[in-house]
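Topology and contacts: notes
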Amino acid sequence: AGGTDIGASVDVTTRGTWFYVGGLATSGTLDYVVLRIETDGTLGLSGNPVKSFGTTSPGTDLISVGATDIGRFIDVRNSIMYVAGAAGADLLYMRYARGAYLDTSFQTDGIYVNDLGATENIFGAFRDANDLNWFGDNGSDFLVALTDYDAAALDTAFHTDGWFTV
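Cut-offs used in this document
- Residues numbered from 1 in each chain as written.
- Predicted model: local features only at pLDDT ≥ 70, side-chain atom pairs only at ≥ 80, totals over all residues.
- Heavy atoms only, no water.
- Helix = DSSP H or I, 4+ residues; strand = E, 2+ residues; numbered from the N terminus.
- Contact = heavy atoms within 4.5 Å.
- Core = buried A, V, L, I, M, F, W, Y, C linked by side-chain atoms within 4.5 Å.
- Buried < 20%, exposed > 50% of the residue type's maximum accessible area, 1.4 Å probe, protein only.
- Lys, Arg positive; Asp, Glu negative; His and termini not counted.
- Salt bridge = Lys/Arg side-chain N within 4 Å of Asp/Glu carboxyl O.
- Phe/Tyr/Trp six-rings, centres within 6.5 Å; stacked < 30°, edge-to-face > 60°.

**Some words on the environment of T156**
With respect to the helices and strands, the residue T156 is situated in the loop between β13 (153–154) and β14 (163–165). Taking the C-alpha atoms as reference points, T156 and L146, 10 residues apart in sequence, are found 8.3 Å from one another. When sequence neighbours within four positions are dropped, the list of residues in contact with T156 reads D161 and G162.

The structure is reproduced here in structure tokens:
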């Protein structure tokens, strides 16, 4: 869409709908984007499949949370969508409610950003029963962090502050 667009992760719902997350190049920056593909291969949501993190209704408007934003992980369960990645140099975690609207009961706007003090590059994440497990680097060191899945806070039961570098 006018630059280097990146698809980084995909999840498929039990109904066969595909959700892709990544970054869309707009005006010299990279912004979060979610794309929905229906089971017949058409773009979803009545021809308007692009969701932008930071909005409260479906649309193609892209909101830049940091200098360079990219979604690296998407998980759709029970009609709730979780997306994790990086907002500029920080960890970013978002939750969508049914209908693919940002869940305002989650961190008041559906968005959780955490600065661990350096440049965090998140390359992936996976979910276990209670936490979202992140991995990447923190400047020049390997980074591991755990976020409580529903509370949007670092899990302080993990390495006392929820993250560490190696």
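**Focus: the nonpolar core**
Y93, L132 and W134 are the most contacted members of the largest nonpolar core, which has 18 residues in total. Contributions of two or more residues to this core are made by β6 (80–87), β7 (90–97), β10 (120–127), β11 (131–138) and β12 (141–148).

**Some remarks on the environment of F106**
Here F106 is to be found in the loop between β8 (101–102) and β9 (111–114). Distance from F106 to R95, taken between C-alpha atoms, is 6.9 Å for residues 11 residues apart in sequence.

**Concerning the side chain of D137**
Take D137: it is sitting in strand β11. Despite being buried, D137 has no salt bridge partner; R72 is the closest side chain of opposite charge, sitting 9.2 Å away. Setting aside its immediate chain neighbours within four residues, D137 contacts T119, E120, N121, F123, F142 and L143.

**With respect to the packing of aromatic side chains**
Taken as a whole and assessed by the stated rule, the structure comprises five aromatic pairs. Centroid distance W18 to Y20: 6.0 Å. Interplanar angle 25 degrees. Geometry classified as stacked. Take W18: its relative accessible area is 37%, and that puts it in the partly exposed class. Centre to centre, the rings of Y93 and F106 are 5.5 Å apart; their planes meet at 80 degrees, and the pair counts as edge-to-face. With a gap of 13 residues between them, Y93 in strand β7 and F106 in the loop between β8 and β9 connect regions that are remote in the sequence. The residues Y93 and F106 share a single accessibility class, namely buried. Taken together, the ring pairs connect Y82, Y93, F106 and W134 into an aromatic cluster.

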